[in-house]
Amino acid sequence: MRYREPRSWMWEEALELLQSAERLQRRFFQVGLQHGAPCWEPPIDLYENDDELGLMVALPGVGPEEIQVAIESGSLVVRGERRFPLDYELAKIHRLEIPYGRFERRVALSAGRFRVHEQRLENGCLTLRLRRLK
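First, a word on what this report is: a plain description of the structure on this page. Numbering of residues starts from 1 in every chain and runs along the sequence as written. Under the rules for a predicted model, residues below a pLDDT of 70 receive no local features and side-chain atom pairs below 80 are neither given nor counted, while totals for whole chains, interfaces and linings still include all residues. Side-chain measures were taken over the full set of non-hydrogen atoms in the model, leaving aside hydrogen atoms and water.

## Re the overall build of the protein chain
Here's step 1: Along the protein chain, the regular secondary structure elements total 1 helix and 7 strands.
Here's step 2: When the elements of the protein chain are put in sequence order from the N terminus, they spell out α-β-β-β-β-β-β-β.
Here's step 3: Expressed as a percentage of the 134 residues in the protein chain, the buried residues total 22%.
Here's step 4: Taking contacts inside the protein chain between residues at least 6 apart in sequence as the whole, the part at least 24 apart equals 51%.
Here's step 5: For the area figures, the Shrake-Rupley method with a 1.4 Å probe applies, and any residue is considered shielded solely by the protein chains shown. Summed over all atoms, the accessible surface of the protein chain reaches about 10400 Å², with 52% contributed by carbon and sulfur. Helix and strand assignments follow DSSP, with helices taken as H or I runs no shorter than four residues and strands as E runs no shorter than two, numbered in order from the N terminus. In this scheme, a residue with accessible area under 20% of its type's maximum is buried, one over 50% is exposed, and one in between is partly exposed, where area comes from a 1.4 Å probe on protein chains only. A contact between two residues is defined here by any heavy atoms of the two lying within 4.5 Å.

## Quick look at the nonpolar core
Here's step 1: Residues Leu 59 and Val 78 are the most contacted members of the largest nonpolar core, which totals 16 residues.
Here's step 2: Within the residue set of this core, elements represented by two or more residues are β2 (52–58), β4 (75–82), β5 (101–108) and β7 (125–133).
Here's step 3: Discounting residues that sit within four places of it in the chain, Val 78 has contacts with Leu 55, Val 57, Ile 67, Gln 68, Val 69, Phe 103, Glu 104, Arg 105, Leu 126 and Leu 128. Put simply, buried Ala, Val, Leu, Ile, Met, Phe, Trp, Tyr and Cys residues joined by side-chain atoms within 4.5 Å make one nonpolar core.

Shape is all these values report; function is a separate question.
Encoded structure:
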């Protein structure tokens, strides 16, 4: 344990916390910008019946033209981009909690082969139904 001067230890600790928060913020906002990699993963619900999988992906603010769905190497992949609204590009940001930028979600499929049977985007949720091929 490091001993600090009693009058300045609290100030030193606050500065260390601020520097740590700044490092995390820089890392968070640069992930997708540096390599074109996805910045975030949307939450999902996954259901399975005898011969069908159902997947619901929460994607509010993402248009159907911004979404790609594929089956790759035994995984279902949903990728796309939520663009930052042009109306707010020059605005002063007070809080930014909604993730923007490229996203990707990979879901390992259970044994067997599947094909996407139904795909619809409704009320900010992408619903997918996959049928098991026999």
